[in-house]
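# Secondary and tertiary structure notes
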Amino acid sequence: MALQILFNLMIAFMWMLLNNNSSGSSFIVGYVLGIFILLILRKSWTQPFYLKRVWAMLKLLLIFIRELVVSSFVVIGHIVRPKLAIRPGIFAYETTLTSAWEVTLLSCLICLTPGTLTLDVSGDGKILYIHAIDIEDAQLLTEQIRGTFEQAIMEVTR
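Heads up: these notes are all about the structure in this document. (Residues numbered from 1 in each chain as written. Predicted model: local features only at pLDDT ≥ 70, side-chain atom pairs only at ≥ 80, totals over all residues. Heavy atoms only, no water.)

## Some words on the overall build of the protein chain
- For the protein chain, the count of helices and strands is five helices and three strands.
- For the protein chain, the succession of helices and strands along the chain, N to C, is α-α-α-β-α-β-β-α.
- A compact globule built from 158 residues should have a C-alpha radius of gyration of about 15 Å, whereas the protein chain, at 22 Å, is more than 25% larger.
- Once the C-alpha set of the protein chain is aligned to its principal axes, its extents read approximately 70 × 40 × 20 Å.
- Put simply, the protein chain has 158 residues, and 30% of those count as buried.
- In the protein chain, of all internal contacts separated by at least 6 residues, the share reaching a separation of at least 24 is 64%.
- Total accessible area computed for the protein chain in this model is approximately 10100 Å², and 69% of it derives from carbon and sulfur atoms.
- Charge centroids of the protein chain, computed over 12 positive and 11 negative side chains, lie 10 Å from each other. (Helix = DSSP H or I, 4+ residues; strand = E, 2+ residues; numbered from the N terminus. Rg over C-alpha atoms; globule rule 2.2 N^0.38 Å. Buried < 20%, exposed > 50% of the residue type's maximum accessible area, 1.4 Å probe, protein only. Contact = heavy atoms within 4.5 Å. Areas by Shrake-Rupley, 256 points an atom, 1.4 Å probe, with all protein chains shown as cover. Lys, Arg positive; Asp, Glu negative; His and termini not counted. Charge placed at Lys NZ, Arg CZ, Asp CG, Glu CD.)

Spelled out as C-alpha coordinates, the structure:
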(Lines give C-alpha, C1' and ligand atoms only; values in the text may rest on other atoms or scores of the structure.)
Protein backbone atom coordinates (compact mmCIF):
# COMPACT_ATOMS: atom_id res chain seq x y z
CA MET A 1 0.00 0.00 0.00
CA ALA A 2 2.74 2.45 0.93
CA LEU A 3 4.58 1.73 -2.32
CA GLN A 4 1.43 2.47 -4.32
CA ILE A 5 0.92 5.79 -2.52
CA LEU A 6 4.55 6.71 -3.09
CA PHE A 7 4.29 5.77 -6.76
CA ASN A 8 1.13 7.87 -7.11
CA LEU A 9 2.81 10.87 -5.47
CA MET A 10 5.84 10.48 -7.75
CA ILE A 11 3.59 10.55 -10.81
CA ALA A 12 1.86 13.68 -9.51
CA PHE A 13 5.18 15.49 -8.94
CA MET A 14 6.52 14.31 -12.31
CA TRP A 15 3.38 15.72 -13.93
CA MET A 16 4.00 19.04 -12.21
CA LEU A 17 7.65 19.07 -13.38
CA LEU A 18 6.78 18.16 -16.97
CA ASN A 19 4.16 20.91 -17.17
CA ASN A 20 6.43 23.42 -15.37
CA ASN A 21 3.46 24.25 -13.14
CA SER A 22 3.63 24.01 -9.35
CA SER A 23 0.02 24.85 -8.60
CA GLY A 24 -2.32 22.71 -6.55
CA SER A 25 -4.54 22.04 -9.55
CA SER A 26 -1.58 20.63 -11.47
CA PHE A 27 -0.80 18.32 -8.54
CA ILE A 28 -4.41 17.13 -8.42
CA VAL A 29 -4.41 16.42 -12.17
CA GLY A 30 -1.14 14.48 -11.77
CA TYR A 31 -2.52 12.59 -8.80
CA VAL A 32 -5.66 11.57 -10.69
CA LEU A 33 -3.47 10.59 -13.64
CA GLY A 34 -1.41 8.48 -11.24
CA ILE A 35 -4.57 6.76 -9.99
CA PHE A 36 -5.48 5.81 -13.56
CA ILE A 37 -1.96 4.52 -14.22
CA LEU A 38 -2.08 2.46 -11.03
CA LEU A 39 -5.49 1.06 -12.02
CA ILE A 40 -4.05 -0.01 -15.37
CA LEU A 41 -1.05 -1.62 -13.65
CA ARG A 42 -3.00 -3.13 -10.73
CA LYS A 43 -2.48 -6.71 -11.90
CA SER A 44 1.26 -6.32 -11.36
CA TRP A 45 0.77 -5.43 -7.67
CA THR A 46 0.41 -8.21 -5.13
CA GLN A 47 -1.65 -6.05 -2.76
CA PRO A 48 -5.10 -4.65 -3.55
CA PHE A 49 -5.44 -1.10 -4.79
CA TYR A 50 -4.73 1.30 -1.92
CA LEU A 51 -7.80 3.50 -2.49
CA LYS A 52 -9.99 0.56 -1.45
CA ARG A 53 -8.43 0.65 2.00
CA VAL A 54 -8.61 4.46 2.12
CA TRP A 55 -12.31 4.23 1.25
CA ALA A 56 -12.80 1.61 3.99
CA MET A 57 -11.09 3.93 6.52
CA LEU A 58 -13.33 6.80 5.49
CA LYS A 59 -16.37 4.53 5.78
CA LEU A 60 -15.30 3.47 9.31
CA LEU A 61 -14.89 7.12 10.28
CA LEU A 62 -18.36 7.97 8.94
CA ILE A 63 -19.92 5.00 10.74
CA PHE A 64 -18.28 6.12 13.98
CA ILE A 65 -19.49 9.71 13.53
CA ARG A 66 -23.02 8.48 12.85
CA GLU A 67 -23.00 6.22 15.90
CA LEU A 68 -21.51 9.03 18.00
CA VAL A 69 -24.25 11.47 17.03
CA VAL A 70 -27.11 8.97 17.40
CA SER A 71 -25.94 7.67 20.77
CA SER A 72 -25.28 11.20 22.01
CA PHE A 73 -28.90 12.13 21.36
CA VAL A 74 -30.09 8.93 23.05
CA VAL A 75 -28.01 9.68 26.16
CA ILE A 76 -29.18 13.31 26.16
CA GLY A 77 -32.75 12.01 25.94
CA HIS A 78 -32.15 9.90 29.04
CA ILE A 79 -30.68 12.87 30.89
CA VAL A 80 -33.48 15.36 30.19
CA ARG A 81 -36.32 13.01 31.13
CA PRO A 82 -37.86 13.85 34.48
CA LYS A 83 -37.74 10.20 35.55
CA LEU A 84 -34.61 8.17 34.88
CA ALA A 85 -35.79 5.09 32.97
CA ILE A 86 -32.61 3.24 32.11
CA ARG A 87 -31.68 -0.41 32.44
CA PRO A 88 -27.90 -0.49 32.80
CA GLY A 89 -26.15 -3.79 32.38
CA ILE A 90 -23.05 -5.68 31.39
CA PHE A 91 -22.94 -8.21 28.59
CA ALA A 92 -20.25 -10.38 27.03
CA TYR A 93 -19.56 -9.71 23.38
CA GLU A 94 -17.77 -12.43 21.44
CA THR A 95 -15.80 -10.90 18.60
CA THR A 96 -14.60 -12.49 15.39
CA LEU A 97 -11.65 -10.10 15.11
CA THR A 98 -8.32 -11.87 15.33
CA SER A 99 -5.48 -9.40 15.84
CA ALA A 100 -4.84 -7.40 18.99
CA TRP A 101 -4.90 -4.19 16.96
CA GLU A 102 -8.40 -4.91 15.65
CA VAL A 103 -9.73 -5.78 19.12
CA THR A 104 -8.14 -2.64 20.57
CA LEU A 105 -9.69 -0.47 17.87
CA LEU A 106 -13.11 -2.03 18.46
CA SER A 107 -12.75 -1.52 22.20
CA CYS A 108 -11.78 2.14 21.72
CA LEU A 109 -14.68 2.80 19.35
CA ILE A 110 -17.10 1.27 21.84
CA CYS A 111 -15.65 3.38 24.67
CA LEU A 112 -15.83 6.57 22.61
CA THR A 113 -19.51 6.02 21.83
CA PRO A 114 -21.68 7.56 24.58
CA GLY A 115 -23.67 5.06 26.59
CA THR A 116 -21.26 2.15 26.21
CA LEU A 117 -17.97 1.27 27.83
CA THR A 118 -15.62 -1.67 27.36
CA LEU A 119 -14.83 -2.92 30.84
CA ASP A 120 -12.50 -5.81 30.09
CA VAL A 121 -11.13 -7.99 27.33
CA SER A 122 -10.56 -11.69 27.90
CA GLY A 123 -7.02 -13.02 27.85
CA ASP A 124 -7.38 -14.52 24.40
CA GLY A 125 -8.96 -11.32 23.03
CA LYS A 126 -12.14 -13.05 21.90
CA ILE A 127 -14.62 -11.71 24.47
CA LEU A 128 -15.24 -8.07 25.38
CA TYR A 129 -17.22 -7.24 28.49
CA ILE A 130 -19.28 -4.16 27.70
CA HIS A 131 -21.36 -1.96 29.99
CA ALA A 132 -24.36 -0.30 28.35
CA ILE A 133 -26.40 2.48 29.90
CA ASP A 134 -29.67 1.07 28.58
CA ILE A 135 -29.58 -2.61 27.75
CA GLU A 136 -32.98 -3.83 26.69
CA ASP A 137 -31.73 -6.67 24.50
CA ALA A 138 -28.07 -7.80 24.63
CA GLN A 139 -28.49 -9.78 21.40
CA LEU A 140 -29.64 -6.64 19.57
CA LEU A 141 -26.63 -4.68 20.86
CA THR A 142 -24.35 -7.52 19.79
CA GLU A 143 -25.81 -7.50 16.27
CA GLN A 144 -25.46 -3.71 16.07
CA ILE A 145 -21.79 -3.79 17.06
CA ARG A 146 -21.06 -6.68 14.72
CA GLY A 147 -22.91 -5.03 11.82
CA THR A 148 -21.35 -1.61 12.20
CA PHE A 149 -17.96 -1.40 13.90
CA GLU A 150 -16.70 -4.94 13.53
CA GLN A 151 -17.57 -5.24 9.85
CA ALA A 152 -15.99 -1.87 9.05
CA ILE A 153 -12.82 -2.75 11.00
CA MET A 154 -12.46 -5.99 9.03
CA GLU A 155 -12.77 -4.05 5.77
CA VAL A 156 -9.96 -1.73 6.86
CA THR A 157 -7.56 -4.35 8.16
CA ARG A 158 -8.05 -7.25 5.75
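Right, picking up where we left off after that structure.
## Focus: the packing of helix α1 (residues 2-19) against helix α2 (residues 24-40)
- Axis separation between α1 and α2 bottoms out at 7 Å; the angle between their running directions is 130 degrees. Accordingly, the angle class assigned to the pair α1 and α2 is oblique. In this structure, the crossing between α1 and α2 has a hand that is right-handed. Listed contacts from α2 to Gln-4, Phe-7, Asn-8, Leu-9, Ile-11, Ala-12, Phe-13, Trp-15 and Met-16 of α1 are Ser-26, Phe-27, Val-29, Gly-30, Tyr-31, Leu-33, Gly-34, Ile-35, Ile-37 and Leu-38.
- Considered class by class, the residues forming the contact of α1 with α2 number 14 nonpolar, five polar and no charged. (Axes fitted to C-alpha atoms, helices over the stretch in contact; angles between N-to-C directions. Parallel < 35°, antiparallel > 145°, perpendicular 65-115°, else oblique. Left-handed = near helix turned anticlockwise from the far one by under 90°. Nonpolar A, V, L, I, M, F, W, Y, C, P; charged D, E, K, R; others polar.)

## Thoughts on unusual backbone geometry
- Phi at Asn-20 is positive, roughly 50 degrees, even though this residue is not glycine.
- One can find Asn-20 in the loop between α1 and α2.
- The class of Asn-20 is exposed, set by a relative accessible area of 75%.

## Remarks on the pairing of strand β3 (residues 127-132)
- Here β3 shows a clear split, with Leu-128, Ile-130 and Ala-132 buried on one side and none of Ile-127, Tyr-129 and His-131 buried on the other.
- Pairing geometry for strand β2 (residues 116-121) and β3, over five bridges, is antiparallel. Its bridge partner being in β3, Asp-120 is matched across the sheet by Tyr-129.
- Following β2, the chain reverses through five residues before pairing antiparallel with β3; Gly-125 in that reversal takes a positive phi of roughly 75 degrees. (Pairing = 2+ DSSP bridges.)

Honestly, that's just the spatial picture; any functional story needs more than this.
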